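Observations on chain architecture
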Amino acid sequence: MMKDVLAHRIVLEVPFYTDEWVTTLKNGKLTSYDLAMIEVQK
């Protein structure tokens, strides 16, 4: 990336949330939940 973009134009971002993906084995249904990082730590 730094070959095409100047270093001072690159921004590193850290998310404060994540997605938890859950698959129900019985029917194969896929569900996602948005979680704050504090919830992930619990």
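Preceding this section is the structure that the text describes.
Residues numbered from 1 in each chain as written. Predicted model: local features only at pLDDT ≥ 70, side-chain atom pairs only at ≥ 80, totals over all residues. Heavy atoms only, no water.

Right, let's talk about the overall build of the protein for a bit. Looking only at helices and strands, one finds one helix and two strands in the protein. For the protein, the N- to C-terminal ordering of α and β elements is β-β-α. If you line up the protein on its principal axes, its C-alpha atoms span 50 × 25 × 10 Å. For the protein, buried positions account for 2% of its 42 residues. About 4500 Å² of surface is accessible on the protein, with carbon and sulfur atoms providing 58% of the total. Of the charged side chains in the protein, 5 are positive and 6 negative, and the gap between their average positions amounts to 4 Å. (Helix = DSSP H or I, 4+ residues; strand = E, 2+ residues; numbered from the N terminus. Buried < 20%, exposed > 50% of the residue type's maximum accessible area, 1.4 Å probe, protein only. Areas by Shrake-Rupley, 256 points an atom, 1.4 Å probe, with all protein chains shown as cover. Lys, Arg positive; Asp, Glu negative; His and termini not counted. Charge placed at Lys NZ, Arg CZ, Asp CG, Glu CD.)

The next point concerns the pairing of strand S2 (residues 30–36). Pairing of strand S1 (residues 17–23) with S2, which is carried by seven bridges, proceeds in the antiparallel orientation. The residue of S2 that forms the bridge with Thr 18 is Leu 35. Between S1 and the antiparallel strand that follows it, S2, lie six residues; Gly 28 among them carries a positive phi value of about 75 degrees. (Pairing = 2+ DSSP bridges.)

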